[in-house]
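# Fold and geometry: a report
Given next are the chains, with one letter for each unit.
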Amino acid sequence: MPEPTSLHPETDVLTRGFDPQLSVGSARPAVFRSSTYVFSSPEAAERAFDLMGGRAQRTADENVDLVYSRFNHPNAQILEDQILPLEPGAAGAVAFNSGMAAIMTALLAVLQPGDSLIYTIPIYGGTQTLIQGFLQPFGITGIAVQAGDGGAIDRAISAAKNLRVILIETPANPTVIMTDIGRACRTAESVAGERPVVMIDNTFLGPAFQHPLLLGADVSLYSATKYLGGYSDIIGGVALVRDPGLLAKIRSKRSLFGNILQPDECWILNTRLPTVALRMNRQSKNAQRIAESLNDHPKVQRVYYPTLFEDAEQKRIYEEQCQHPGGLFSIDLKGGKRAAFEMLRRLKLARNAVSLGGVETLACHPRSTTHSAWSAKDLDEAGIGEGLVRISCGIEDWQDLLADFEQALEHA
Ligand SMILES: Cc1ncc(COP(=O)(O)O)c(C=O)c1O
């Protein structure tokens, strides 16, 4: 377990977790592309297996031989150590080969057939399919509650039988509706018997603007493909965990499933950590300026963005829970699907692609792409209309981006 330090996250992320002497003096970590590791002695091999199998406990300062890269490897260790200061309250991190792998493995480390799980909707489509199409047939009851409705979440928590996990995605995609993390954690405390594990998908505002573990959550989950990776060039995921016992369970499931992030991707993700706050700050400033400018545009019905929330409860949650509004917003066009498609076709700087969080601006039509599996009723209820366009702001000059959206809207 890495030692906590008194440094600020911006310093800590650059100075911890890596000893140049272990990379022949290289100022940046080497990539260790080995599937297996040579033991220092047969006794050391036996000890490593005893520790891995839970038959022995590691003593303080004990150096344990590496074994095999499906279990662990130096680049994962460096990444998992360096990412820690970005998520205050975490005892450890576990790196995965996708965001979905992080979510699935964290859930399966806790849930057994017969258990139930509460989850907020709307939620990322892959997560919804995992729950409804895989966990439910597997004997786990999924209980969907409306994101943002704290009362409904409280009632679901009180009523659920064998409740083991509460999974909240906040803000929710693509209308940025927010759920009160602290309230769900407090209600979870009142459950008789073992407290359910509260997991937050923190992909949209973390790690810069929202810190779920400080609000009482147990696990902060990421699609590292998005802001952490930041350049739309890798797929990855991370779970940051408060309790060492739960951390060990998630790690052990990762060893079994074989979904650890590979050394090259760990190395790439590592290089992105020191700039994640810089990028997210710039993306958030760009998004705020553009979203607020487009709010009065004659072709725009509504802009979904935290600083434009009208609902008092949503405003409260945003102000209490988040440091900045983030780089993601959606605009609902008056002309419906035709207007949305025309706008996307005419964009010159922003690109028409799904995903988000990269340094380049991306725009998509959720109803016909990311959320196309939903029923029309569910889409309408979630506010994902025919005219909705989701925009992930990059780090370009905001005035160039605004001009691009305005010229594209001329055709909408
Ligand atoms: C909020 C959220 N969670 C999880 C995922 C899944 O991440 P990945 O594509 O890295 O598996 C995504 C992907 O879009 C997402 O937006």
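One can find the structure itself at the top, above this paragraph.
### A few points about the sheet that holds strand β10 (residues 351-352)
- Strand order in the open sheet formed by 5 strands is β8-β9-β12-β11-β10, with mixed pairing between adjacent strands. Each of the sheet's edge strands pairs with one partner strand only, and the pair in question is β8 (300-304) and β10.
- Here strand β9 (residues 328-333) pairs with strand β12 (residues 388-392) via 5 bridges, running antiparallel. Looking across to β12, one finds that S330 is bridged to R390.

### Looking at the site of the ligand
- The local shell around the ligand holds 13 residues, among which M100, D201, S223, T225 and K226 are the closest.
- In this structure, an oxygen atom belonging to the ligand sits 2.9 Å away from a main-chain N or O atom of M100.
- Between the ligand and S223, the relevant distance is 2.9 Å, taken from an oxygen atom to a side-chain nitrogen or oxygen of the residue.
- Contact with the protein chains removes 90% of the 390 Å² of surface that the ligand exposes when unbound.
- The dominant element in the shell around the ligand, judged by the number of residues it contributes, is helix α4 (residues 99-108), at 3 residues.
- Partitioned by chemical class, the residues of the shell around the ligand number 4 nonpolar, 6 polar and 3 charged.

### As for helix α14 (residues 398-410)
- When the terminal C-alpha atoms of α14 are compared, their 18 Å separation across 13 residues agrees well with the 18 Å that a helix rising 1.5 Å per residue should span.
- The elements touched by buried residues of α14 are α10 (276-294), β8, β9, α12 (336-346) and β12.
- For α14, the N-terminal capping position is held by D397, with its side-chain oxygen 2.8 Å away from the main-chain nitrogen of Q399.

Each value, and the rule that gives it
- Residues numbered from 1 in each chain as written.
- Predicted model: local features only at pLDDT ≥ 70, side-chain atom pairs only at ≥ 80, totals over all residues.
- Heavy atoms only, no water.
- Pairing = 2+ DSSP bridges.
- Helix = DSSP H or I, 4+ residues; strand = E, 2+ residues; numbered from the N terminus.
- Near = heavy atom within 4 Å.
- Polar contact = N/O pair within 3.5 Å; in protein donor to acceptor, adjacent residues only side chain to side chain.
- Areas by Shrake-Rupley, 256 points an atom, 1.4 Å probe, with all protein chains shown as cover.
- Nonpolar A, V, L, I, M, F, W, Y, C, P; charged D, E, K, R; others polar.
- Expected span 1.5 Å × (residues − 1).
- Contact = heavy atoms within 4.5 Å.

These results come straight from atomic positions and should not be treated as a statement about function.
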